[in-house]
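If you want the building blocks of each chain, they are given just below.
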Amino acid sequence: FIEALAIFEDLLYSKNITGRERLIAEFEYSWVLYRQKRYDESIAILRRIYNEKELEPLQKFDAMRLMGFSHIAKGNFNEAINILIESDSIQIHDDEKKFMLFELGKSLFIEGRYPEAASYLKRISHTFESTDIYAHSTAFYEGFIFLFLNEIKSALDRFSFLIENANSPELLASGLFG
């Protein structure tokens, strides 16, 4: 990633690129900054390019998603939640949103906003294959949400899903833990 940073910095700061080409380069640069854990720099670039008219809905969504994920990485869950909720309003197919919805549901869970977390996780719980780690993680969070909301039967259903579909001792333990 260090080499990628140098390439993007050279491209953005010493070459004269403009318009859509520049937006795409800046977005890719923000992704490299994110991967390097330089979250504040990534967020600053994403904020600037988000309002550009040349971005398509999926690109706007990706900018918001990465901004939200950057805030999650920094532990700023409330800011991440606000950004991710806003990104959910962008009109793209829900399949494109499933990882964002998972992180949004998880962040809401961390903040103790269980009914909201449940509504976002419910939207994606059926979209992952039963052996997928996201299916297991979603079921894990849903199980505890239902438990905390005193919906015991629903909690047992989600933990049973984990037990029935566990393909490792760790996943089995997480189902039995619930």
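This text goes with the structure placed above it.
What counts, and where the lines are drawn
Residues numbered from 1 in each chain as written. Predicted model: local features only at pLDDT ≥ 70, side-chain atom pairs only at ≥ 80, totals over all residues. Heavy atoms only, no water. Helix = DSSP H or I, 4+ residues; strand = E, 2+ residues; numbered from the N terminus. Buried < 20%, exposed > 50% of the residue type's maximum accessible area, 1.4 Å probe, protein only. Contact = heavy atoms within 4.5 Å. Areas by Shrake-Rupley, 256 points an atom, 1.4 Å probe, with all protein chains shown as cover. Phe/Tyr/Trp six-rings, centres within 6.5 Å; stacked < 30°, edge-to-face > 60°. Salt bridge = Lys/Arg side-chain N within 4 Å of Asp/Glu carboxyl O. Axes fitted to C-alpha atoms, helices over the stretch in contact; angles between N-to-C directions. Parallel < 35°, antiparallel > 145°, perpendicular 65-115°, else oblique. Left-handed = near helix turned anticlockwise from the far one by under 90°. Nonpolar A, V, L, I, M, F, W, Y, C, P; charged D, E, K, R; others polar. Core = buried A, V, L, I, M, F, W, Y, C linked by side-chain atoms within 4.5 Å.

Asker: Quick question: what am I supposed to make of the overall build of the protein here?
Answerer: When its secondary structure is counted, the protein shows ten helices and zero strands. Reading the protein from its N end, one meets helices and strands in the order α-α-α-α-α-α-α-α-α-α. Each of the three principal axes of the protein carries a C-alpha extent, and together these read 60 × 30 × 25 Å. Expressed as a percentage of its 178 residues, the buried residues of the protein come to 43%. Taking the intrachain contacts of the protein between residues at least 6 apart in sequence as the baseline, contacts between residues at least 24 apart amount to 49%. Accessible surface, the protein: about 9,700 Å² in total, of which carbon and sulfur atoms supply 53%.

Asker: Which parts of the structure should I look at to understand the packing of aromatic side chains?
Answerer: Any pair of aromatic rings gets described here by the distance separating the centres and the angle formed by the planes. Taken as a whole and judged by the stated rule, the model has 15 aromatic pairs. Each ring, one from Phe99 and one from Tyr134, has its centre 4.8 Å from the other, and the planes form 70°; the classification is edge-to-face. With Phe99 in helix H6 (residues 94-110) and Tyr134 in helix H8 (residues 133-148), this residue pair connects regions lying 35 residues apart in the sequence. By relative accessible area, Phe99 is classed as partly exposed at 36%.

Asker: Explain the pattern of salt bridges here, please?
Answerer: Opposite charge on two side chains lets them pair, provided their charged atoms get close. Scanning the entire structure with this criterion turns up 13 salt bridges. Lys97 is the salt-bridge partner of Asp88, the closest N and O atoms lying 3.2 Å from each other. Exposure class is identical for Asp88 and Lys97. Each is buried. Across the pair Lys98 and Asp95 runs a salt bridge, and its minimum N-O distance is 3.6 Å.

Asker: Hey, could you run me through the packing of helix H4 (residues 57-73) against helix H5 (residues 77-88) in this one?
Answerer: Each pair of packed helices gets described by two things: the angle between the helix axes and the distance between those axes. Orientation of H4 relative to H5, taken along the N-to-C sense of each, is 165°, at an axis distance of 8 Å. Between H4 and H5, the interaxial angle falls into the category roughly antiparallel. The interaxial crossing formed by H4 with H5 has left-handed handedness. Residues Phe61, Met64, Arg65, Met67, Gly68, Phe69, His71 and Ile72 of H4 form the contact with H5, whose participating residues are Phe77, Glu79, Ala80, Ile83, Leu84, Glu86 and Ser87. Along the lines of polarity and charge, the residues of the contact of H4 with H5 split into nine nonpolar, three polar and three charged.

Asker: How do you make sense of unusual backbone geometry when you look at a structure like this?
Answerer: Residues apart from glycine generally show negative phi values, whereas peptide bonds are mostly found in trans. Here Lys37, not a glycine, exhibits a phi torsion of approximately 65°, which is positive. Of note in the backbone geometry, Asn150 takes a positive phi value of approximately 65° without being a glycine. Mapped onto the elements, Asn150 comes out in the loop between H8 and helix H9 (152-165). Note on Asn150: relative accessible area 61%, which makes it exposed.

Asker: Looking at this structure, how should I read the packing of helix H2 (residues 19-35) against H4?
Answerer: With their axes 11 Å apart at the nearest point, H2 and H4 run at an angle of 25° to one another. Between H2 and H4, the interaxial angle falls into the category roughly parallel. Considering the relative orientation of H2 and H4, their crossing is left-handed. Touching Arg20, Ile24, Phe27, Ser30, Trp31 and Tyr34 of H2 are Gln59, Asp62, Ala63, Leu66, Phe69 and Ser70, all from H4.

Asker: Any chance you could explain the environment of Gln91 here in plain terms?
Answerer: For Gln91, the location among the structural elements is in the loop between H5 and H6. Note on Gln91: relative accessible area 71%, which makes it exposed. C-alpha of Gln91 to C-alpha of Phe61: the two residues are 30 residues apart in sequence and 8.7 Å apart in space.

Asker: Sorry, what's going on with the nonpolar core here?
Answerer: For soluble globular proteins, nonpolar side chains are generally found buried alongside one another. Residues Leu46 and Leu104 are the most contacted members of the largest nonpolar core, which totals 45 residues. For this core, the secondary structure elements donating two or more residues are H2, helix H3 (39-50), H4, H5, H6, helix H7 (114-124), H8 and H9. Beyond its immediate sequence surroundings of up to four residues, Leu46 is in contact with Phe27, Ser30, Ala63, Leu66 and Met67.

All quantities given are derived from atomic positions and should not be read as evidence of function.
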